[in-house]
Amino acid sequence: MKIIIFLLLTIALITSITACSTPKGDIVILEKPSGAGFTADFNDWSNKSKCELSLNKGDVLKIEIDHEDGKVGLTISGKNGSEPYTGNDLETGLFTVMVSETDVYVIRITGKDATGMITVKKVESTV
């Protein structure tokens with residue numbers, strides 16, 4: 001009888017722990033077929049997601065944030081170690097980021113009860 005109670009308590013504990021880490025809300029990421037960017041549309045979303053873009057030295061990314069609710073963060077980092085942009089608790093706005101080296105860049109989006117949209121688009125090269 002004690003083994004059954006112990007087993008039931010263990011199952012209840014595991015269930016409660018996994019329920020706490022379950023992603024909340026939803027995110028839809030649409031990548032441009034040419035590899036020149038993507039749009040992430042999220043609703044009451046709490047999690048992390050990422051996309052990768054191959055960029056050349058001097059390429060410029062146009063980033064548009066449409067923030068409706070919650071907290072949104074964005075980090076752009078190259079696989080070789082460069083980190084041209086990091087931002088937390090972003091608000092609605094438009095800005096550009098230029099990369100200083102040719103690399104595959106990982107764009108990480110984080111959200112906490114976030115609703116809105118982020119568009120990342122390669123717009124030009126300065127070289």
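Residues numbered from 1 in each chain as written. Predicted model: local features only at pLDDT ≥ 70, side-chain atom pairs only at ≥ 80, totals over all residues. Heavy atoms only, no water.

A. Local environment of unusual backbone geometry. Despite not being glycine, D89 shows a phi value in the positive range, around 50°. Take D89: its relative accessible area is 41%, and that puts it in the partly exposed class. Residues other than glycine seldom take positive phi values, yet D113 does so here, at roughly 50°. Within the fold, D113 resides in strand β6 (residues 103-125). (Buried < 20%, exposed > 50% of the residue type's maximum accessible area, 1.4 Å probe, protein only. Helix = DSSP H or I, 4+ residues; strand = E, 2+ residues; numbered from the N terminus.)

B. Structural view of the nonpolar core. By size, the foremost hydrophobic cluster in this structure holds 23 residues, and its most contacted members are I63, I76, I109 and I118. Contributing elements (two or more residues each) for this core: β2 (37-55), β3 (59-78) and β6. With seven residues, β2 is the largest single contributor of residues to this core. Once residues lying within four places of it in the same chain are set aside, the contact partners of I109 are F38, A40, W45, N47, K48, S49, V72, G73, L74 and I118. (Core = buried A, V, L, I, M, F, W, Y, C linked by side-chain atoms within 4.5 Å. Contact = heavy atoms within 4.5 Å.)

C. Spatial organisation of the pattern of salt bridges. For the coordinates displayed, the defined rule picks out four salt bridges. Across the pair D113 and K24 runs a salt bridge, and its minimum N-O distance is 2.7 Å. Pair noted here: D113 is in strand β6 and K24 is in strand β1 (residues 24-31), with a separation of 89 residues, a long-range link. Classification of D113 by relative accessible area gives partly exposed; the value is 29%. K24 gets classed as partly exposed once you look at its relative accessible area, which sits at 36%. The shortest N-O distance in the salt bridge between K122 and D59 comes to 3.4 Å. Placement of K122 in strand β6 and of D59 in strand β3 is noted, with a sequence separation of 63 residues between them. According to the relative accessible area criterion, K122 is partly exposed, its value standing at 33%. Here D59 falls in the buried class, since its relative accessible area comes to 2%. Residues joined by salt bridges that share partners form a network here, namely K24, D44 and D113. (Salt bridge = Lys/Arg side-chain N within 4 Å of Asp/Glu carboxyl O.)

D. Structural detail: a negative patch on the surface. Among the surface-exposed residues, D26, D41, E64, D66, E68 and D69 lie close enough to one another that they form a single negatively charged patch. Take the negative patch: its biggest share by element is four residues, from β3. Mapped onto the elements of the fold, E64 is located in strand β3. (Patch = residues over 30% accessible without salt bridge, like charges linked within 9 Å, V, L, I, M, F, W, Y side chains within 5 Å. Areas by Shrake-Rupley, 256 points an atom, 1.4 Å probe, with all protein chains shown as cover. Lys, Arg positive; Asp, Glu negative; His and termini not counted. Charge placed at Lys NZ, Arg CZ, Asp CG, Glu CD.)

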